[in-house]
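For reference, the chains in residue letters:
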Amino acid sequence: MFDKFSFSNIWENDGIFISVVGYLIVFVALLFLSIIITNFQKILVSKQRKKLKTVGHRAAEAENLEISGEVSAAISVAFYLHFQENHDVENTVLTIRKVQRAYSPWSSKIYGLREYPKR
Amino acid sequence: MEGINQFISFTGFANLTIGHIVMIVIGLIFIYLAIKKEYEPLLLVPIGFGILVGNIPFVENVGMQIGIYEQGSVLNYLYFGVMKGIYPPLIFLGIGAMTDFSALISNPKLMLLGAAAQVGIFLTFMAALALGFTINQAAAIGIIGGADGPTAIFLSSKLAPELLGAIAIAAYSYMALVPVIQPPIIKLLTSKKERLIKMKPPKAVTKLEKMSFPIVGLLLTTFISPGALPLLGMLFFGNLLKESGVTKRLADTAAKPLIDIVTILLGLTVGASTQATTFLTPESILIFVLGAISFMIATAGGVLFAKFMNLFLKGDNQLNPMIGAAGVSAVPDSARVVHNLGQIEDPTNYLLMHAMAPNVAGVIGSAVAAGILMGFLLKVI
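Cut-offs applied
Residues numbered from 1 in each chain as written. Chains lettered and ligands numbered in written order. Predicted model: local features only at pLDDT ≥ 70, side-chain atom pairs only at ≥ 80, totals over all residues. Axes fitted to C-alpha atoms, helices over the stretch in contact; angles between N-to-C directions. Helix = DSSP H or I, 4+ residues; strand = E, 2+ residues; numbered from the N terminus. Left-handed = near helix turned anticlockwise from the far one by under 90°. Contact = placed C-beta atoms within 7 Å. Nonpolar A, V, L, I, M, F, W, Y, C, P; charged D, E, K, R; others polar. Core = buried A, V, L, I, M, F, W, Y, C linked by C-beta atoms within 7 Å. Buried ≥ 20, exposed ≤ 12 C-beta atoms within 10 Å, placed from the backbone.

K.L.:
Outline the packing of helix α6 (residues 87-98) of chain B against helix α17 (residues 248-272) of chain B, listing residues and values.
P.N.:
Residue and element names in this part refer to chain B. At a minimum axis distance of 8 Å, the contact between α6 and α17 shows a crossing angle of 145°. The two elements α6 and α17 meet at a crossing, and its hand is left-handed. Counted together, Tyr87, Leu90, Ile91, Leu93, Gly94, Ala97 and Met98 of α6 and Ala251, Ala254, Ala255, Leu258, Ile259, Val262, Thr263, Leu265 and Leu266 of α17 form the full contact between these two elements. In terms of residue class, the contact of α6 with α17 is built from 14 nonpolar, 2 polar and no charged.

And the structure:
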């Protein structure tokens, strides 16, 4: 299995050159992508700051315009409560709707637990 | 009487060899690991069962057209997608449609961890060369260190189709064994103090950033490494379908039915390709050993690079070096392993989001590495 083993195989096939250059290219590609994304974020923030400045909002001067995860969560909860749990305008008509119940001995009061079970 | 004799000579019992028994046992182990231990069941069940299908002994080349390597057989048609590298880009489309790159966008420097972990590919490439494999075979073996099954299949189908079965099985086996292989290496290379580091929560990412990422990512990475176009093109396309918000149906199809169908076909045929008569060779065993070494080096490379980055990062910007191990692209298993290790050390330390960043960067990194190797070696051919 190891009869062909020789370090010279690496040298003869440009193994070191391909490995070093290949690894560097992977690094460069991802480094470039990382730099572009970082700068893209900066451009977006500066555009946002410009917009706030034109409106005259005081947040334009804030050092950090970023909204933290906690703040986002709090805003989301507030929206949820506002739209989903709106008790102030609850429809009270529902509470006086007459419920039709067909008679059945299974649901009858007469046979309910008010009577002691017969032995 | 002659008919009965022929029938008997055609049965599995008459054609059984030790190789078949060994492969059937391996298939059963895969199925056991998937069902009992729940190691990557979506991959190991199809592959394990495929190994059983591929190793039912039969008489080859008598016109029955049942073997995966026999022209015209059903399995051979299904295997076409593996041989020609059709399935891997489709899998990448689904992965793209499922992946949330927010963690990476919110902390782009973590992308370097995804690059660092690719050291396993290139060191194993050199080791395989030293062991006497041809340069194309060595590159295909090295890519196992990327811990990315589809990428490994894609590259080996282009550079060393003769080793495809062994490489695919090795790559998927090690992906499934992430929870076994990575923790000891991570623990060996990090101190308790380092494992306890809490990273600051990732910041919120805007929709515009999320939508721009696949476009910028595609243009940049494929201009540098055009060989990775089929993989990265599909990965970023799938992600744009998801993030654009206007193609929900397409994104859902790519992320659910399509990737499931392709996974079934890929898993089953890759498993069946391990037919004992062509698979059980000393070379295959060597590929398994090299694959394991490659995976370990990749894990160590990511962890050590995270420690190196910490030399330049201060205060709450410091990284928990364990997340470097997620730079191998076994998504999301290695991120999950890192998270679980963090939880063992401190149950209030949530590393999953942080580990997902190098994890998805690893997918991009290994595909870029595959493209680079293709770029180098297709010239040599």
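After that view of the structure, there is still more to cover.
K.L.:
I'd like a rundown of the nonpolar core, residues and numbers included.
P.N.:
Among the nonpolar cores identified, the biggest contains 142 residues, and Leu30 of chain A together with Ala139, Leu155, Ile167, Val338 and Ala370 of chain B are the most heavily contacted of them. Among the elements that line this core, the one with the most residues is helix α21 (residues 352-380) of chain B, at 15 residues.

K.L.:
Any chance you could break down unusual backbone geometry for me, citing the residues and the numbers?
P.N.:
Glycine aside, negative phi is the norm for most residues, and most peptide bonds take the trans geometry. Looking along the chain, the bond that leaves Val331 of chain B and enters Pro332 of chain B is cis, with omega of -10°. On the secondary structure map, Pro332 of chain B appears in the loop between α19 (282-310) and α20 (333-345). Of note, Asp14 of chain A is a non-glycine position whose phi angle comes to about 60°, a positive value. Its location among the elements puts Asp14 of chain A in the loop between α1 (8-12) and α2 (15-55). Exposure remark for Asp14 of chain A: the 14 C-beta atoms within 10 Å place this residue in the partly exposed category. Here the phi dihedral of Glu40 of chain B falls at roughly 40°; this positive angle occurs in a residue that is not glycine. The exposure class of Glu40 of chain B is buried, given the 22 C-beta atoms found within 10 Å.

So yeah, pure geometry; function would need other evidence.
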